[in-house]
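A closer look at the structure
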Amino acid sequence: MTTQNPLFIDFGLPPQLTAELRRLNPWWEGSPVPVQPKTRRQLVEQMRRRLEAEIAPIVVVRGPRQVGKTTAQFQFIEDLLKAGVPPRCILRVQFDELASLKRMPDPILSISDWFEREIAPERFNALARDRQKAYLFFDEVQNVDNWHAQLKSLVDNASVKVVVTGSSALRIEMGRDSLAGRISTIEAGVLSLTEIGAIRGLDAPEPYFHDNGLQVLIDKAFWEELQFHGRAHEQFRSQSFRYFSERGGYPLVHKEEKSEWTLLADQLNETVIKRVIQHDLRIGSRGRRRDPLLLEELFRLVCRYAGQTPTISTLADEVRQSLSANIGIQRVLAYLKFLDDTLLVRLIRPLEIRLKRKRGSPKLCLVDHGLRASWLQEQIPLTPEALEKYPELTTLAGHIAESVFGSVASTIHGLDIAHFPERGTDREVDFVLTVGTQRVPVEIKYQRRIDPNRDTLGIRSFLEKAVNNASFGLLITQDDSAKVYDPRIVTMPLSTFMLLR
C-alpha cells in the first residue's frame, strides 16, 4: 500500500484548476522554472528591492503586453529558489490562462486559501513568525473581478509578499484607493537603452536614475551630470540607440536580432496590437458593444499622429472618412481612452496650474515606435547619421522623438507629465515635468542645427513666469553638438535622456 503524497491532496478547488496550478508551479514537484533569457530586465531588481524593503505588502508591475512582466516574475522566482526559499512557499497564478476561473467567486482568495492549506509547509502567519514569508505572484490580475478587494482581505489577514502584474492602467488604478498603504507600483515600459545593450552583448552602464524618489528630477545638477554621463558612454549610447532606432524596444525584436524585420513586425502586430483588439476589447463593461474596426483605425491614426496633438474632432473626421460610418466625437474619445488604458498609448494632457487646466487636446505618445513601424509598415530612423542621409524625414522623426520622450518619461512612476499648449501670450512647450510644486519645461528640437535663441523661446518664456515655478529647463536634441548660452537650459540628445532607465 502506497502513501499518498500530501502535495497532491486537493481541497476546495475543481480538479481541473488544481492540475493547471501544478502546471504553472513546477517547482512544487522539484522541477525547475521554465528556461528564461540570460539577460534580465531591471524589473527583477526593482521587485526584489520593493519586497525586501517591506514598504508595502503588494508590488504592482504595470505595463503593456509583451514587455517582459511574466519573464521578470519567473526570473525573480528562480532567484528566490536559489536563495533557499522553500519551493512550496511560492505560488504563481496566470489569470489570463485559467478558463476554469470564470465562474469561481473570489478566485484570488480561494486559490490562496487552497495553497495555504494544501501546499505551503505552514499557514501564512506561522511562516511569517518563523521569518519565512510566502510569495504570491498573480499575473494579469486585472482580468479578475473585484481583484483589489480580494487582495486587501488577503494582506490584511495574512503576512505574505505579493507581486501582481497588469496590462490595464485603468483597472489597476481603480484598485489603488482600496489598497492605499498596501501597494507599491512599478511602471514597466519597453526596453531601455541599457537593457537593449545588455541583450545585444554591449558593455552596458547602470541605469542613471535610481528607483529611490523623484526629488532629483527637479535638481539642475542631476541633469547636468546625466549630460556628462551620456558623453562618457558615447560609444555604448550611440550603438544601443541605433538598435532602438531600427527596431524599437520590445524584447522580442532584440532577442531575435538575426530575424528579418518583416517577420518580427508580423509577430508584434499579432501578439501586441491584435491581442489588445481581439482580447482586451472584449473584456469591457457587460452589455457594452465594442467595435474592433474602429479601434484598429484609431490606432492607425495614433501611429500617424504620434508625438502630436490632433483635436478629437480631427480624429473623428478621419475615422468617419475611412470607415464610411457616422462615428461621434465622444465615441472616438472613449476608444482613445481605452488605448491609453491598455498602455499602448500614453495620453499626455495639457498642464493644469492652480486647478485650471489649459484647453487643448492630449499629446499622443506610443509606447514604442516599433509598433508604429510594424502597423504602418513604415520605418522612420532616429539616429543623426540616418537622418543626414534622409533629411526629408527629419520633421516626422522629430514627432516620433517627442513620442519617445513622452513614453519614457511616463514610466517614471509618480512623475506628473503634461504638455503646455500655446494660448495668448503663452508659447507652446512640448512637455512639462512636475514634482510637487516644481516644474521643468522640456522642448524637443530634433534637427541638426539648433538656433540658441529661436529654439529656446518656449522654455525661456515658461521660465520667466513666476507662476510656473520653474528654475531651469531641458532641450532635447539629436546629438551633443547643440550650444545654448542660457545657463538655465540643459541640453542633451534624446539618446542621453533614455539612459535614465
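Residues numbered from 1 in each chain as written. Predicted model: local features only at pLDDT ≥ 70, side-chain atom pairs only at ≥ 80, totals over all residues. Heavy atoms only, no water.

Focus: the environment of valine 160
If you trace the backbone, valine 160 turns up in strand E4 (residues 160-166). Since its relative accessible area comes to 3%, valine 160 is described here as buried. Here valine 160 is in contact with Pro57, Phe124, Ala134, Leu136, Leu154 and Val155, once residues within four sequence places are set aside. (Helix = DSSP H or I, 4+ residues; strand = E, 2+ residues; numbered from the N terminus. Buried < 20%, exposed > 50% of the residue type's maximum accessible area, 1.4 Å probe, protein only. Contact = heavy atoms within 4.5 Å.)

Examining the packing of helix H12 (residues 261-278) against helix H16 (residues 369-376)
Any two packed helices are characterised by the angle at which their axes cross and by the distance between the axes. The contact between H12 and H16 brings their axes to 9 Å, and the two run at 105°. Classified by the angle between their axes, H12 and H16 sit roughly perpendicular to one another. On H16, the residues touching Trp261, Ala265, Leu268, Asn269, Val272, Ile273 and Lys274 of H12 are Gly370, Leu371, Ala373, Ser374 and Trp375. Residue composition of the contact of H12 with H16, grouped by class: eight nonpolar, three polar and one charged. (Axes fitted to C-alpha atoms, helices over the stretch in contact; angles between N-to-C directions. Parallel < 35°, antiparallel > 145°, perpendicular 65-115°, else oblique. Nonpolar A, V, L, I, M, F, W, Y, C, P; charged D, E, K, R; others polar.)

Regarding empty space enclosed by the protein
Overall, the coordinates contain three cavities of 30 Å³ or more when judged by the stated rule. Considered as a void within the structure, the largest cavity measures approximately 90 Å³ in volume. In terms of lining, the largest cavity is formed by 14 residues, of which the most central are Val190, Val367, Val404, Ser407 and Val408. In terms of residues, the lining of the largest cavity owes the most to one element, helix H18 (residues 394-410), which gives three residues. Class assignment for the residues of the lining of the largest cavity results in eight nonpolar, four polar and two charged. (1 Å grid on protein atoms, 1.4 Å probe; cavity = no way out; pocket = protein on both sides within 12 Å on 5 of 7 lines; lining within 4 Å. Points joined across faces, edges and corners; volume = space filled by probe spheres on them.)

Describing the confidence of the model for the protein
Of the residues in the protein, 91% reach a pLDDT of 70 or more, and the chain-wide mean stands at 89. Taken element by element, the protein is modelled with least confidence in strand E8 (residues 356-357), mean pLDDT 56, and with most confidence in helix H20 (residues 494-497), mean pLDDT 98. Segment residues 1-10 is flagged for pLDDT under 50; beyond a separation of four residues in sequence, or across chains, it makes 15 contacts in the model. (pLDDT = per-residue confidence, 0-100.)

Quick word on the side chain of asparagine 468
Tracing the backbone through its elements, the reader meets asparagine 468 in the loop between helix H19 (457-463) and strand E13 (473-477). Taking the relative accessible area as the measure of exposure, asparagine 468 reaches 3% and is therefore buried. Here phenylalanine 462 takes part through its backbone oxygen, which lies 3.0 Å from a polar atom of the side chain of asparagine 468. (Polar contact = N/O pair within 3.5 Å; in protein donor to acceptor, adjacent residues only side chain to side chain.)

Points about the packing of aromatic side chains
Summed over all chains, the structure comprises 14 aromatic pairs. Both rings, one in tryptophan 28 and one in phenylalanine 115, keep their centres 5.7 Å apart while their planes meet at 25°; by these two values the pair is stacked. Taken together, the residues tryptophan 28 in the loop between helix H1 (15-24) and helix H2 (42-53) and phenylalanine 115 in helix H4 (residues 107-118) connect sequence positions 87 residues apart. The class for tryptophan 28 is buried, based on a relative accessible area of 6%. Between phenylalanine 405 and phenylalanine 431 the ring centres are 5.0 Å apart and the planes differ by 35°, which places this aromatic pair in the tilted class. You can see phenylalanine 405 sitting in helix H18 and its partner phenylalanine 431 sitting in strand E11 (residues 429-435), a full 26 residues away along the chain. Phenylalanine 431 matches phenylalanine 405 in its accessibility class, with the two residues each being buried. Among the aromatic side chains, those forming a connected cluster through ring pairs are Tyr208, Phe209, Phe222, Trp223, Phe405, Phe431 and Phe497. Positioned above the aromatic ring of tyrosine 243 is the side chain of arginine 200, whose terminal nitrogen or guanidinium carbon lies 4.0 Å from the ring centre. In this structure, lysine 363 is placed above the aromatic ring of phenylalanine 431, and the distance from its NZ or CZ to the ring centre is 4.6 Å. (Phe/Tyr/Trp six-rings, centres within 6.5 Å; stacked < 30°, edge-to-face > 60°. Lys NZ or Arg CZ within 6 Å of the ring centre and 35° of its normal.)

Considering the nonpolar core
Phe115, Leu136, Phe138, Leu151, Val162 and Phe299 are the most contacted members of the largest nonpolar core, which has 96 residues in total. With eight residues, the single largest contributor to this core is H12. In this structure, Leu214, Val404, Ile412 and Leu499 belong to the second largest nonpolar core, which totals 47 residues. (Core = buried A, V, L, I, M, F, W, Y, C linked by side-chain atoms within 4.5 Å.)

Observations concerning the pattern of salt bridges
Tallied over the full model, the rule gives 32 salt bridges. Here arginine 372 ties to glutamate 378 by a salt bridge, and the two come within 2.8 Å at their closest N and O atoms. Using a relative accessible area of 2% as the deciding quantity, one classes arginine 372 as buried. One salt-bridge network, in which partners are shared between bridges, spans Glu45, Arg48, Arg49 and Glu52. (Salt bridge = Lys/Arg side-chain N within 4 Å of Asp/Glu carboxyl O.)

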